[in-house]
Amino acid sequence: FVVAMRVYSCRNLDMNDVDVEDSQALKDTQFLVKVGEVNHCTGNVSASCVLPGSKLKERETTAAAMERVIDEDLDSMGISVQWHPVVGRSKTRAIKDSPTYGIKTMYTKTLYTGFVDAENIGTYIPAPRDSFDPVYSARSSWTALGLLARSRVGRVQAAQEQVTEVLRGVEEVAVCVSDDRSTFYVWLLDEEFQTLEVDCARPIIKQWVHEIMRV
């Protein structure tokens, strides 16, 4: 069981008119997404496109887990999240391969809705923009593959090119620094989030995070 939150920016929103139960009402509003983290002790860089969230601990309710994420991650960033444990909540189920056991596993995610002032999140630094020129996963192995494999490689490379375009469109990155790590967040629209959350996007996002670290 997993909990997560879409934390929308209040910028350009009239909060008196927002219906959090209507997903279409927020489809053109950016929300906060974690794209990378650097461990200060080891120097290890992890990269993926995920919402703020966590797995449930033993005997923990979904609302308590979400409160824990807010306390440990979002509040430490110096922001105050407006949210309700019932209003704007949804639940999804999906069957995926378990990275631990290697078998099909049912995953249940409870998604909450929150709002925050985008100006009060961490320290913003400029993103690489058009200077970002990643190496695609499929380039070096193209000639050695058969026709069927080439088709799959082509789809992966096309997806990674879309990821690159989304990342080039990001103007700035919020950097939140703690004692042991630095975490990178960006604001994305839903269609951009869907492009970046696929597995084949991770190598490109990781290269992008390394570019950010040079700023």
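Residues numbered from 1 in each chain as written. Predicted model: local features only at pLDDT ≥ 70, side-chain atom pairs only at ≥ 80, totals over all residues. Heavy atoms only, no water.

(A) Representation of helix 1 (residues 62-74). For helix 1, spanning 13 residues, the distance from its first C-alpha to its last is 17 Å, which sits close to the expected 18 Å at 1.5 Å a residue. The inward-facing, buried residues of helix 1 contact strand 1 (2-9), strand 2 (31-39), strand 4 (53-55), strand 5 (82-83) and strand 7 (104-116). (Helix = DSSP H or I, 4+ residues; strand = E, 2+ residues; numbered from the N terminus. Expected span 1.5 Å × (residues − 1). Contact = heavy atoms within 4.5 Å.)

(B) Spotlight on helix 4 (residues 202-213). Here helix 4 is 12 residues long and its end C-alpha atoms lie 16 Å apart, about the 16 Å a rise of 1.5 Å per residue gives. Buried residues of helix 4: Ile204, Ile205, Trp208, Val209 and Ile212, and no others. Buried positions in helix 4, seen along its axis, are confined to an arc of 140 degrees and lie on one side of it. (Buried < 20%, exposed > 50% of the residue type's maximum accessible area, 1.4 Å probe, protein only. Arc of directions from axis to C-beta.)

(C) Region of interest: the pattern of salt bridges. Applying the stated criterion across every chain, the model contains nine salt bridges. For Asp190, the salt bridge identified is with Arg6, shortest N-O distance 2.7 Å. Of the two residues, Asp190 is situated in helix 3 (residues 190-196) and Arg6 in strand 1; the sequence distance between them amounts to 184 residues. The class of Arg6 is buried, set by a relative accessible area of 17%. In this structure, Arg181 engages Asp73 in a salt bridge whose closest nitrogen and oxygen atoms are separated by 3.6 Å. With Arg181 in strand 10 (residues 181-188) and Asp73 in helix 1, this pair connects stretches of sequence that are 108 residues apart. (Salt bridge = Lys/Arg side-chain N within 4 Å of Asp/Glu carboxyl O.)

Function-wise, these values are silent; they only describe arrangement.
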